[in-house]
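# Structure assessment
Chain residues, written in single-letter form:
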Amino acid sequence: MFPGGRAGLSVPLQTCRGRQSALQLHVDKQKKLRHVSSSSENMATPLSAAHVCRLAGRTVASLSARHRRAVSLPARRCYVSTSTGRNLQFRLDERTAHSSLDLFKKDTGIIYRMLGLDPSHVPNNPERFRDWAVVFGDEKISSGRHYWEVTVKKSQEFRLGVAEALMCRDECVGTNNSSWMFGYAQRKWFAMTSNKMVPVTLVGKPDRVGILLDYEAGVLGLVDIEKPRIIHSIRVQFKSHLCPAFGLWDGELLTHSGLVEPEGLK
């Protein structure tokens, strides 16, 4: 049902700031992953935020006050979902995309480039992620029940979910209390919420997966589209506008929105 791929809910590459040697970053990352894989085979309890940051090549101590504080972003030109009667449709917002991510297929897909653009060569705006390979959808969600799917191509490290529209851009999705993600890395899935990574078991590497968001019920679900069934749910009380959110550290992701929710999902 789920063909093989490279890694479970990903922990991002090291900071992609400036024109540091991308090759050296890649080598360092592989060393860290080999070290982590030997110590994380037996994860029966949630991982701490500190562990998440270490896997990402950054420690909690290394995050300055600038990285931890919330930021005030200007109003975004986005649609706001106010009804459960229409199917959520969105594109990826180039203004938020890290310089290592290229948008394609009319801004519905992203591809990771290890040798991405020099950050100084992309428009400097406060909505852009400059440290992490993250991009948001261009739709804000404040109510309703919504469903979309993502095709995964040649990726072993990625994250799918939602984040607050005004989330601090110095942080990575899945490592704070402003984002709720399902990640795949090291051939394992994780639910990432409240600064912890909780293993999601009995799931392989999919070519395509669904995401279900019920704003009022406070549910974010990872969906097996072949059954269909909800594989794992994150439950939280949403309080502000959300955007579809994506992290990618190799390969490609292609989003499919405007879809009707499969029958039988609860």
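Let me sum up the structure you'll find in this document. (Residues numbered from 1 in each chain as written. Predicted model: local features only at pLDDT ≥ 70, side-chain atom pairs only at ≥ 80, totals over all residues. Heavy atoms only, no water.)

## Points about the sheet that holds strand β3 (residues 109-112)
Overall, antiparallel pairing links the 7 strands, which are arranged β2-β3-β15-β6-β11-β12-β13 in an open sheet. Strands with a single pairing partner mark the edges of an open sheet, and in this sheet they are β2 (101-104) and β13 (229-235). Strand after strand, the sheet turns through a mean of 25° between neighbouring axes, direction not considered. The sheet contact formed by strand β11 (residues 208-214) and strand β12 (residues 219-224) spans 5 bridges and is antiparallel. Bridge pairing in β12 places Leu213 opposite Leu220. (Pairing = 2+ DSSP bridges. Helix = DSSP H or I, 4+ residues; strand = E, 2+ residues; numbered from the N terminus. Axes fitted to C-alpha atoms, helices over the stretch in contact; angles between N-to-C directions.)

## Details of the nonpolar core
Counting residues in hydrophobic clusters, the biggest one holds 52 residues, and the most contacted among them are Phe136, Trp148, Val173, Phe246 and Leu253. No other element matches strand β14 (residues 242-248), which puts 5 residues into this core. Beyond its immediate stretch of four places on either side in the chain, Val173 contacts Val134, Phe136, Arg159, Ala163, Met167, Ser179, Met181 and Ala245. Judged by nonpolar contacts, the second largest core, of 5 residues, contains Tyr147, Leu212, Ile230 and Leu265. (Core = buried A, V, L, I, M, F, W, Y, C linked by side-chain atoms within 4.5 Å. Buried < 20%, exposed > 50% of the residue type's maximum accessible area, 1.4 Å probe, protein only. Contact = heavy atoms within 4.5 Å.)

## Considering unusual backbone geometry
The omega torsion of the bond from Lys227 to Pro228 falls at -10°, within 30 degrees of zero and hence cis. Mapping Pro228 onto the fold places it in the loop between β12 and β13. At Gln186, a position not held by glycine, the phi torsion is positive, near 55°. At Arg187, a residue that is not glycine, the phi angle is positive and equals roughly 65°. Checked against the element boundaries, Arg187 lands in the loop between β8 (179-185) and β9 (188-193).

## Let's talk about the packing of aromatic side chains
Counted by the stated rule, this structure contains 8 aromatic pairs. Where Phe129 meets Phe136, the ring centres are 5.2 Å apart and the plane angle is 70°; that geometry is what we call edge-to-face. Exposure class is identical for Phe129 and Phe136. Each is buried. Ring-pair connections join several aromatic residues into one group, and the members of that group are Phe90, Trp148 and Phe246. (Phe/Tyr/Trp six-rings, centres within 6.5 Å; stacked < 30°, edge-to-face > 60°.)

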